[in-house]
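# Tertiary structure, described
Here is what each chain is made of, one letter per residue.
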Amino acid sequence: MAAPTFEKLSPVKHGTRVTVDANGRWNIPDDPIVCLIRGDGIGRDVGTTPGITTCAIRVLNAAVERAYKGKRRIHWFDIHAGDVARELYYPEVRDEQVNSLREEEQRQLYLPDDSLKAFEYYRLGLKGPLTTPIGGGFRSINVFLRMRFDLYACVRPVRYFKGVDAPNKRADKVNMVIFRENTEDVYCGIEFKSGSENAKRLHSFLKELGYNIAPSSGIGIKPISPEGTKRLVRMAIRYALDKKLPSVTLMHKGNIMKFTEGSFKDWGYELAKQEFRDQIVTEDELTKGADGKGKLLIKDRIADSMFQQIQLRPDEYSVVATPNLNGDYLSDAAAALTGGIGLAAGANIGDQAAMFEATHGTAPKYLGKNMANPGAVLLSGALLLEHLGWDEAAQRVNQGLEATFAESEEIAHRGPGGTLHVTYDIARQFAGYGAEGGSTSSDFADRIIFHLNRL
Ligand code: NAP
């Protein structure tokens, strides 16, 4: 594939492109080029005031430098999306004109061809938050990227950091990675409005099959396929084996929805036994006396029970693989257990490309104030480091963050008047401090760097 030419981006001068070989293996050079979308709102820099993405990048670079002493380095390639892209590429288009543009024209406004070409070619990206596009046609940059590049797994790590106010008293035991299927399920958008012609046609068809639903029903379709299930479960199992984690749990509602969620569970087990037989043991096999020593445990849980389990015995779950809608609910519920939205990291990963991103929005009221928490972008960056196989650097990021939180908690517990090195959203949990006791995003980043260099 020839290197693309760009309308407004200057080609990258240094670094090497990441590739994927015919067997689906990622080839990662020591100097990979990674696309960077700094984002809107708190994601963007304003003059010399850094946004959260810039703060996070400084920490990521420091962690890589510390871990590999110059042998490895990421070359960030700035590309644009969201409001920032619109201002750069189409400054003349006014808000009131957007609705009259075709969907594809609206897409170019918020996700220019330059950015698409760059991501297609370089395959990896880190993204700050983006303003949801105005206008009815092109609704979501995230959904577009997911569909266009078949980013079929939404990966959300959820863990507790000491020093972060968490509502659940067992929060310190939460440390799991959720793999949510991204392309199927009732979530994939095949819906028919109540009273519409298509809903009526479906209603008659269902009647022919012997099902009587209220004729006024809106109808949603829930496709779940063996291919879609297996590629997701395969990714989750590979991740667990690679990181030497104890278990993968298939979460489903198969007791009721037997041919969709129930099949998800069955296909998940089938894949595990077909492709990873020597490395896994199922819960059922263990009950029947199999020796599971040194093997990855594959188990399943019904969705409603899983919501109880993550609150009561979270330490029994390390990797969860689940269909789209369950995964959406579970990811947010698990993140809430451990505290701040400023720490909710994520990634959309496919076989040919992957985009790592914070899950929170642009928090526009904090634009240019250097006060938002860069943690979620940073932890998304740590996931990117893991994807590169640079686990030592990812660990440094996590340890630096842990040490910074723990230190601020200790200072706050000594009483008011100390200097905290965490942002307002974390500082406000401490008595005698409040949000005004928080430091800037850049000071927070500096402190993480200080700690990761010390450890
Ligand atoms: P939001 O931007 O996530 O902000 C809601 C609140 O969450 C903020 O006011 C702040 O709460 C807290 N918050 C979010 N990020 C934070 C951070 N890094 N540090 C500290 N606090 C943080 O949600 P929104 O206001 O509903 O959405 C704003 C825009 O973002 C919309 O255009 C929305 O569509 C878009 N959005 C984008 C994404 C994405 O790109 N992935 C995701 C969601 C929303 P307090 O003020 O209470 O501290």
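Scroll up to find the structure this text is about.
The following refers to the structure shown.

### Some words on the site of the ligand
- Residues in close proximity to the ligand total 22 residues, the closest being Thr132, Gly361, Ala363, Tyr366 and Tyr424.
- One of the side-chain N or O atoms of Tyr424 is found 2.5 Å from an oxygen atom in the ligand.
- Coverage of the ligand by the protein amounts to 68% of the 880 Å² it exposes when considered alone.
- Here the shell around the ligand is built from residues that sort into ten nonpolar, eight polar and four charged.

### Topic: unusual backbone geometry
- Look at Asp150: it is not a glycine, yet its phi comes out positive at around 50°.
- If you trace the backbone, Asp150 turns up in the loop between helix H6 (141-148) and strand E6 (153-159).
- Within the chain, Asp185 stands out as a residue other than glycine whose phi angle is a positive 80°.
- Within the secondary structure layout, Asp185 lies in the loop between strand E7 (175-181) and strand E8 (191-192).
- Given the relative accessible area of 0%, Asp185 is considered buried.

### Describing the layout of surface pockets
- In this structure, the largest pocket encloses a volume near 940 Å³.
- Lining the largest pocket are 38 residues, and of these Ser140, Asn142, Val143, Arg146 and Tyr187 sit closest to its centre.
- Within the residue set of the lining of the largest pocket, elements represented by two or more residues are H6, E6, helix H12 (324-337), strand E14 (345-349) and strand E15 (354-358).
- Here the residues of the lining of the largest pocket sort into 15 nonpolar, 15 polar and eight charged.

### Notes on a nonpolar patch on the surface
- Side chains of Phe205, Leu209 and Tyr211 sit close together on the surface and give an oily, nonpolar patch of about 340 Å² of accessible area.
- Tracing the chain through its elements places Tyr211 in the loop between helix H7 (197-208) and strand E9 (219-220).

### Re empty space enclosed by the protein
- Applying the stated criterion across every chain yields a total of two cavities of 30 Å³ or more.
- The calculated volume of the largest cavity comes to roughly 60 Å³.
- For the lining of the largest cavity, the class distribution of residues is six nonpolar, five polar and two charged.
- Lys127, Asn142, Leu145, Arg146, Leu151, Asn348, Met355 and Glu357 are the residues that line the second largest cavity.

### Quick notes on the sheet that holds E7
- A sheet is described by the order of its strands in space; here eleven strands give the open sequence E4-E3-E5-E15-E14-E6-E7-E13-E10-E12-E11, paired in mixed fashion. In this open sheet, the two strands that pair with only one neighbour each are strand E4 (75-78) and strand E11 (280-282). Averaged over all neighbouring strand pairs, the angle between strand axes comes to 25°, with direction disregarded.
- In this sheet, E14 lies alongside E6 in antiparallel orientation, the contact comprising three bridges.

### Focus on the pairing of strand E13 (residues 319-322)
- With burial as the criterion, each face of E13 is covered, one bearing Val319 and Ala321 and the other bearing Val320 and Thr322.
- Of the pairings in the sheet, the one linking strand E10 (residues 247-252) to E13 comprises three bridges and is parallel in character. Paired with Val248 across the strands is Val319, a residue of E13.

### Re the pairing of E7
- Counting buried positions along E7 yields six of seven residues, so the element is predominantly enclosed.
- Where E6 meets E7, seven bridges bridge the pair, whose relative direction is antiparallel. Across the sheet, Arg159 pairs through a bridge with Asn175, a residue of E7.
- Pairing of E7 with E13 involves four bridges; the strand directions are parallel. Each bridged residue has a counterpart across the sheet, and for Phe179 the counterpart in E13 is Ala321.

### What about the state of the cysteines?
- All chains considered together, the criterion is met by zero disulfides.
- The cysteine Cys154 is free of any disulfide, with Cys188 supplying the nearest cysteine sulfur at 15 Å.
- Of the residues examined, Cys188 reaches a relative accessible area of 30% and is grouped as partly exposed.

What counts, and at which threshold
Residues numbered from 1 in each chain as written. Predicted model: local features only at pLDDT ≥ 70, side-chain atom pairs only at ≥ 80, totals over all residues. Heavy atoms only, no water. Near = heavy atom within 4 Å. Polar contact = N/O pair within 3.5 Å; in protein donor to acceptor, adjacent residues only side chain to side chain. Areas by Shrake-Rupley, 256 points an atom, 1.4 Å probe, with all protein chains shown as cover. Nonpolar A, V, L, I, M, F, W, Y, C, P; charged D, E, K, R; others polar. Helix = DSSP H or I, 4+ residues; strand = E, 2+ residues; numbered from the N terminus. Buried < 20%, exposed > 50% of the residue type's maximum accessible area, 1.4 Å probe, protein only. 1 Å grid on protein atoms, 1.4 Å probe; cavity = no way out; pocket = protein on both sides within 12 Å on 5 of 7 lines; lining within 4 Å. Points joined across faces, edges and corners; volume = space filled by probe spheres on them. Patch = residues over 30% accessible without salt bridge, like charges linked within 9 Å, V, L, I, M, F, W, Y side chains within 5 Å. Salt bridge = Lys/Arg side-chain N within 4 Å of Asp/Glu carboxyl O. Pairing = 2+ DSSP bridges. Axes fitted to C-alpha atoms, helices over the stretch in contact; angles between N-to-C directions. Disulfide = S-S within 2.5 Å.

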